[in-house]
Number of protein chains: 2
Amino acid sequence: MMAFSDRIEAALGLAIARCRTPAAPRRLASALDYAVLPGGARIRPTILLGVAAACGEDRLEIGDAAATALEFIHCGSLVHDDLPCFDDADTRRGKPSVHVAYSQPLAVLTGDSLIILAFEQLARVAEIDPVRSARLVMTLAQHTGMPGGICAGQGWESEAEIDLDAYHNAKTAALFVAATQMGAIAGGQEPGPWAELGARIGAAFQIADDLRDTLYDAETLGKPVGQDDLNGRPNAVASLGVAGAVSKLKDSLSGAIASIPSCPGEAMLAQMVQRYAEKLAPVTPAAAPAPARRTVPGE
Amino acid sequence: MMAFSDRIEAALGLAIARCRTPAAPRRLASALDYAVLPGGARIRPTILLGVAAACGEDRLEIGDAAATALEFIHCGSLVHDDLPCFDDADTRRGKPSVHVAYSQPLAVLTGDSLIILAFEQLARVAEIDPVRSARLVMTLAQHTGMPGGICAGQGWESEAEIDLDAYHNAKTAALFVAATQMGAIAGGQEPGPWAELGARIGAAFQIADDLRDTLYDAETLGKPVGQDDLNGRPNAVASLGVAGAVSKLKDSLSGAIASIPSCPGEAMLAQMVQRYAEKLAPVTPAAAPAPARRTVPGE
């Protein structure tokens, strides 16, 4: 059986390669490649494939398409978030961000193209199972757009008063809920019972990100640090302190494992979440004061 | 039977209203409304519904969803095209463009949200017919993204050398081909034979737009004029002259009518294209030198 990471990279690479046709503008095609490959930790598509496998998936192509679609949405959102009018981030994954390497127009178009390409991947598997294909489109759209997806989350940053629950649910948790629910759909199961797992992983991830933003340096992260502070965004470390945030992170992760619905691969999935927990929580209260210089999952 | 325009406005209004939930950020929800309502001429969704009706559509909800999806993509692309890094257009449809009225971040998010909302509309009708739903997703994606959709068209403007055919096919014709093909799919027919009609209407529309860009003033158009010239974009009037462009426009439209595939509503559709032809070609060579001050279909 191919490892999840091999399946993800193969599917992403194939979908990106299809954009390089003689009739396609070369720089935009190149920018798509640059935005997606090589990638970060591929956390969301890995969770998606983990859930699909745990559900006993019968058609790997559907999981591959769903994982690719989800990662395209994530990569596209990073390209747009890095734009000067949002975070104005010059680096991402240790290299110049897309608008710096290509241009702002190409960065806008790269994000747009990745969003569209995501839905195209899902439509491709309709010949295998049109019902699963359509449910994947609906689930991805609802966790990506308005009123409750990552666009809505980013939109909260333009409000005078932020609804913090709505903000975190939409900005970060939404794509993790999409990951678990799309994994269930790809695996032929009902998505409803899988929402809690995604939400809990998403909450843990948000806290871990807040910790990294506070504690690491830019070289280790491959992107600018202190951005929450600079941009006046809410941050769990600011409200709970480092020890409080680490404690909440651990609670979220044990809650995540407890919430896994009963399924053929339940034990495998619990192990997988546990491994992520260890990667996500590298900071203990004792180690916190010194900026740790170790590899952390990049985004 | 409801008029096409009533069906389109009702479906657009309903989809936009669904984005105004208590958990949604209000300014972004308001910007979506602002970008879509009131609209321009709704040419693409009207063509789509015309083709669906001509094909003998049996489920109006599918046509409504397809028309809404296509118009959302069009409106989203206008919001992004107007951004300072592209056309830097301050006005659109006679009012401030979205980034002027709201902000650049909200304009980026409005475009992103409209793209996503488009695909969500198509997923909604999967409960009626999952196969048609998936084909609509595929067709819309292929005419919107990379390598051959409107993103690709816009991407050509960042190339050192432009492939003019690829540029016009992607930038303008693509959404008209999407209109005719999605209409056919919504009407339960094969989309293939409908590509030529869309391509010919798209070519005519491009020439008409070039004529308007050259000949009208900003007040009449509700958006800045002379943009092609300013942005160094190819323009049919520059290469053919006014008389040559008008002649090519007429040829495209008569070719469009001749290309209509045989179907139950063939005569009705031919009449509809003829009416568009009359709206699109208000400029005769004799009238050309004086800027005509009449209402033209806005975008």
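What counts and what doesn't
Residues numbered from 1 in each chain as written. Chains lettered and ligands numbered in written order. Predicted model: local features only at pLDDT ≥ 70, side-chain atom pairs only at ≥ 80, totals over all residues. Heavy atoms only, no water. Helix = DSSP H or I, 4+ residues; strand = E, 2+ residues; numbered from the N terminus. Buried < 20%, exposed > 50% of the residue type's maximum accessible area, 1.4 Å probe, protein only. Contact = heavy atoms within 4.5 Å. Areas by Shrake-Rupley, 256 points an atom, 1.4 Å probe, with all protein chains shown as cover. Buried area = accessible area lost by both parts, 1.4 Å probe. Salt bridge = Lys/Arg side-chain N within 4 Å of Asp/Glu carboxyl O. Nonpolar A, V, L, I, M, F, W, Y, C, P; charged D, E, K, R; others polar. Least-squares fit on C-alpha atoms with pLDDT ≥ 70 in both. Axes fitted to C-alpha atoms, helices over the stretch in contact; angles between N-to-C directions. Parallel < 35°, antiparallel > 145°, perpendicular 65-115°, else oblique. Left-handed = near helix turned anticlockwise from the far one by under 90°. Expected span 1.5 Å × (residues − 1). Arc of directions from axis to C-beta. Phe/Tyr/Trp six-rings, centres within 6.5 Å; stacked < 30°, edge-to-face > 60°. Lys NZ or Arg CZ within 6 Å of the ring centre and 35° of its normal. Polar contact = N/O pair within 3.5 Å; in protein donor to acceptor, adjacent residues only side chain to side chain.

Draft legend 1. A look at the overall build of chain A. When its secondary structure is counted, chain A shows 14 helices and two strands. The buried share among the 299 residues of chain A stands at 59%. Within chain A, counting contacts between residues at least 6 apart in sequence, those at least 24 apart form 70% of the total. Taken as a whole, chain A presents about 11200 Å² of accessible surface, with 54% of it coming from carbon and sulfur.

Draft legend 2. Representation of the interface of chain B and chain A within the structure. Counting residues at the interface gives 50 residues for chain B, matched by 50 residues for chain A. Carbon and sulfur atoms supply 75% of the area buried between chain B and chain A, which totals about 4200 Å² over both sides. For the pair chain B and chain A, the interface holds zero salt bridges. Elements represented by at least two residues in the side of chain B that touches chain A include exactly α2 (26-36), α6 (104-124), α7 (130-144) and α8 (150-156) of chain B. Of the residues assigned to the side of chain B that touches chain A, the class counts are 32 nonpolar, eleven polar and seven charged.

Draft legend 3. How the structure looks around the relation of the copies chain B and chain A. Turning chain B through 180° and shifting it by 0.0 Å along the axis lays it on chain A, with an RMSD of 0.0 Å. One copy is carried onto the other by what is essentially a two-fold rotation axis. Proximity to the rotation axis, assessed at the C-alpha, singles out P130(B) in chain B; its C-alpha lies 2.8 Å from the axis. The overlap is high: 100% of the interface residues of chain B also sit at the interface in chain A, so the same surface is used on both sides.

Draft legend 4. Layout of the pattern of salt bridges. The full count for this structure, using the stated rule, is 30 salt bridges over all chains. The partner of R132(A) in a salt bridge is D58(A), with the nearest N and O atoms 3.1 Å apart. Of this pair, R132(A) sits in helix α7 (residues 130-144) while D58(A) sits in the loop between α3 (43-54) and α4 (60-81), and the two are 74 residues apart along the sequence. A residue is classified by how much of its surface remains accessible, and R132(A), at 14% relative accessible area, is buried. Among the residues examined, D58(A) registers a relative accessible area of 52% and is labelled exposed. Two residues, E71(B) and R93(B), come together in a salt bridge whose shortest N-O distance is 3.8 Å. Of the two residues, E71(B) sits in helix α4 (residues 60-81) while R93(B) sits in the loop between β1 (91-92) and β2 (95-96), which places them 22 residues apart along the sequence. Under the relative-accessibility criterion, R93(B) is labelled partly exposed at 22%. What you see here is one network of salt bridges that share partners, running through E9(A), R42(A), E71(A) and R93(A).

Draft legend 5. Seen up close, unusual backbone geometry. A cis amide bond links L37(A) with the next residue in sequence, P38(A), at an omega value of -15°. If you trace the backbone, P38(A) turns up in the loop between α2 (26-36) and α3. Look at the link from M146(B) to P147(B): it is a cis peptide, with omega at 5°. Following the sequence through the fold, P147(B) ends up in the loop between α7 and α8. At D88(A), a position not held by glycine, the phi torsion is positive, near 50°. Here D88(A) shows up in the loop between α4 and β1 (91-92).

Draft legend 6. Representation of the packing of helix α10 (residues 195-215) of chain A against helix α13 (residues 236-259) of chain A within the structure. All names here are of chain A. Closest axis-to-axis distance for the α10/α13 pair is 8 Å, and the angle between their directions is 150°. Viewed along their axes, α10 and α13 adopt a mutual orientation that is roughly antiparallel. In this structure, α10 meets α13 at a crossing whose hand is left-handed. The segment α10 lies against α13, with E196, L197, R200, I201, A203, A204, I207, A208, D210, L211, T214 and L215 engaging A236, V237, V242, A245, V246, K248, L249, S252, L253, G255, A256 and S259.

Draft legend 7. Highlighting helix α14 (residues 266-280) of chain A. Residue and element names in this part refer to chain A. When the terminal C-alpha atoms of α14 are compared, their 21 Å separation across 15 residues agrees well with the 21 Å that a helix rising 1.5 Å per residue should span. Buried within α14 we find L269, M272, V273, Y276, A277 and L280. Along the long axis of α14, the arc covered by the buried residues comes to 145°, so they all point the same way. With respect to the buried face of α14, the exposed residues turned more than 90 degrees away are A267, Q271, R275 and E278. The inward-facing, buried residues of α14 contact α1 (4-17), α3, α10 and α13.

Draft legend 8. Focus on the packing of aromatic side chains. Residue and element names in this part refer to chain A. This model, assessed by the stated rule, comprises five aromatic pairs over all chains. Both rings, one in F176 and one in F205, keep their centres 4.9 Å apart while their planes meet at 45°; by these two values the pair is tilted. Residue F176 is located in helix α9 (residues 164-186), and its partner F205 is located in helix α10; the two are separated by 29 residues in the primary sequence. By relative accessible area, F176 is classed as buried at 1%. Accessibility expressed as a relative area gives 4% for F205, which makes it buried. Positioned over the ring face of F205 is R44, at 5.2 Å from the centre of the ring. Geometry around F205 places R212 over its ring, the cationic atom sitting 5.8 Å from the centre.

Draft legend 9. Fine view of the environment of H143(A). Residues and elements named next belong to chain A. Considering the arrangement of structural elements, one finds H143 in helix α7. Spatially, the C-alpha atom of H143 lies 9.6 Å from that of A179, the residues being 36 residues apart in sequence. When neighbours within four sequence positions are excluded, H143 is seen to be in contact with G149, I150, A174, L175, V177, A178 and Q181.

Draft legend 10. Seen up close, the side chain of S259(A). Positionally, S259(A) belongs in helix α13. Among the polar contacts listed, one links the side chain of S259(A) to the backbone nitrogen of L197(A), at a separation of 3.4 Å.

Draft legend 11. Structural context of the side chain of R7(A). Assignment of secondary structure puts R7(A) in helix α1. Filtering out sequence-adjacent residues up to four positions away, R7(A) remains in contact with M2(A), L49(A), E57(A), L60(A), G63(A) and D64(A).

Draft legend 12. Region of interest: the packing of α4(B) against α7(B). All names here are of chain B. Between α4 and α7, the shortest axis-to-axis distance is 11 Å and the interhelical angle comes to 20°. Relative to α7, the element α4 is oriented roughly parallel. For α4 against α7, the interelement crossing comes out right-handed. Of the residues in α7, those touching α4 at I62, A66, A69, L70 and I73 are R132, L136, L140 and T144. Residue classes in the contact of α4 with α7 are distributed as seven nonpolar, one polar and one charged.

The analysis is restricted to geometry; functional conclusions fall outside its scope.
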